[in-house]
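Close look at the chain arrangement
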Amino acid sequence: MSTMRTTRRLGAVSAAAIAATIAFAGPASAHAEVTASNAQALAKDVVLTFTGEAESESAGFTEVRVVLPEGIAPGDVTLDEGPKGWKMKPTKDGYTISGPKLAVGTNAVHKVKVRQLPDAKSLAFKTIETYSDGKVSRWIELPGEGPEPEEPAPVLDLKAAAAGSEPSEAPSSSDDASDKTSEQASDKAPDKASGKTEQKADEKEDSNAGAATAIGISIGVLIVAGAGLWVFKQRRRA
């Protein structure tokens, strides 16, 4: 009889422990993740799918902010698909996508197209999710040598680059080219103008100097002539 009671007690304790574990792990199981249409280094025109699992029982998603890893610039990313009414805006280090509140319990899923993935083994995309009630979930912790992070950032593991693949340079816009041309033209123009101005100034200065010399010589001649005339008159009187 005592054996049966002991067995029942152990079963009850085990059930309670399992229930507590499930209850504790429930909210923490929600997370953000990323997948790719081609998870390979240096792959081009890759579509990344971001999924933010809903963890609020009273509010829906209104915004998702993604921090891009090194090697992917905000200008390299375009919105491919997102929740209805949501729009993407680039930021200094990534982008945000936001819009009307999603229904409670609805995951925030959006897709972006990346011009080219960098040459790396893995990419971490720090993600910050905002709910309609102001609650913020920060999936920004990076994996390391320590224990597994409680709020891990979405990480995409990449295969090695295909043979012959090379990083492509970002296309330069015509506006940038025209701006550079204008800057170069503006840099050169003052030099030519100043050169001509200095040349004219030198010519004018030389002309003034020549005129002053001529006037000085003329005055000297008049003084000598006047002196000679005075001497001549004095001798004549004597």
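Cut-offs and rules
Residues numbered from 1 in each chain as written. Predicted model: local features only at pLDDT ≥ 70, side-chain atom pairs only at ≥ 80, totals over all residues. Heavy atoms only, no water. Helix = DSSP H or I, 4+ residues; strand = E, 2+ residues; numbered from the N terminus. Buried < 20%, exposed > 50% of the residue type's maximum accessible area, 1.4 Å probe, protein only. Contact = heavy atoms within 4.5 Å. Areas by Shrake-Rupley, 256 points an atom, 1.4 Å probe, with all protein chains shown as cover. Phe/Tyr/Trp six-rings, centres within 6.5 Å; stacked < 30°, edge-to-face > 60°. Lys NZ or Arg CZ within 6 Å of the ring centre and 35° of its normal. Pairing = 2+ DSSP bridges. Axes fitted to C-alpha atoms, helices over the stretch in contact; angles between N-to-C directions. pLDDT = per-residue confidence, 0-100.

Below, the discussion takes up the overall build of the protein chain. When you go through the protein chain residue by residue, the secondary structure sums to two helices and eleven strands. Walking the protein chain from its N terminus toward its C terminus, one meets helices and strands in the order α-β-β-β-β-β-β-β-β-β-β-β-α. Per-residue burial over the protein chain gives 24% buried out of 238 residues. Long-range contacts, defined as pairs at least 24 residues apart, comprise 69% of the intrachain contacts of the protein chain with a sequence gap of at least 6. Roughly 16500 Å² of accessible area belongs to the protein chain as shown, and the carbon and sulfur atoms make up 55% of that amount.

Another aspect to go through is the packing of aromatic side chains. Within this structure, the stated rule accounts for two aromatic pairs. With centroids separated by 5.3 Å and ring planes inclined at 80°, the aromatic side chains of Phe50 and Phe125 adopt a geometry described as edge-to-face. Residue Phe50 is found in strand 2 (residues 44-52), and its partner Phe125 is found in the loop between strand 8 (122-124) and strand 9 (126-131); the two are separated by 75 residues along the sequence. Assigned by exposure class, Phe50 and Phe125 land together as buried. Aromatic pair Phe61 and Tyr131: ring centres 4.4 Å apart, planes at 25°, arrangement stacked. One end of the pair, Phe61, is in strand 3 (residues 61-67); the other, Tyr131, is in strand 9, with 70 residues separating them in the sequence. Each member of the pair, Phe61 together with Tyr131, is buried. Between the NZ or CZ atom of Lys135 and the centre of the ring of Tyr131, over which it lies, the distance is 5.9 Å.

Once that is clear, we can look at the sheet that holds strand 10 (residues 136-139). Within the open sheet, the five strands sit side by side as 5-6-3-9-10. Their pairing is antiparallel. Lying at the two open borders of the sheet, with one neighbouring strand each, are strand 5 (87-90) and strand 10. The average angle at which neighbouring strand axes cross in this sheet is 15°, direction not considered. The sheet contact formed by strand 5 and strand 6 (residues 94-98) spans four bridges and is antiparallel. Looking at the pairing, Lys87 lines up with Ser98 of strand 6.

Right, let's talk about the confidence of the model for the protein chain for a bit. Taken over all residues, the pLDDT of the protein chain has a mean of 77, while the share at 70 or more is 58%. Considering only residues more than four positions removed or in separate chains, one finds that residues 12-28, a stretch of pLDDT under 50, has one contact. Predicted confidence is poor over residues 172-198, with pLDDT under 50, and the contacts of this stretch with residues over four places away or in other chains come to zero contacts.

Turning to the sheet that holds strand 1 (residues 32-36), a few remarks are in order. In space, the four strands of this open sheet follow the order 1-2-7-4, with antiparallel pairing throughout. Looking along the sheet, the strands with just one partner apiece sit at the ends: strand 1 and strand 4 (77-81). Here the average twist between neighbouring strands, direction ignored, is 30°. Here strand 2 pairs with strand 7 (residues 108-116) via eight bridges, running antiparallel.

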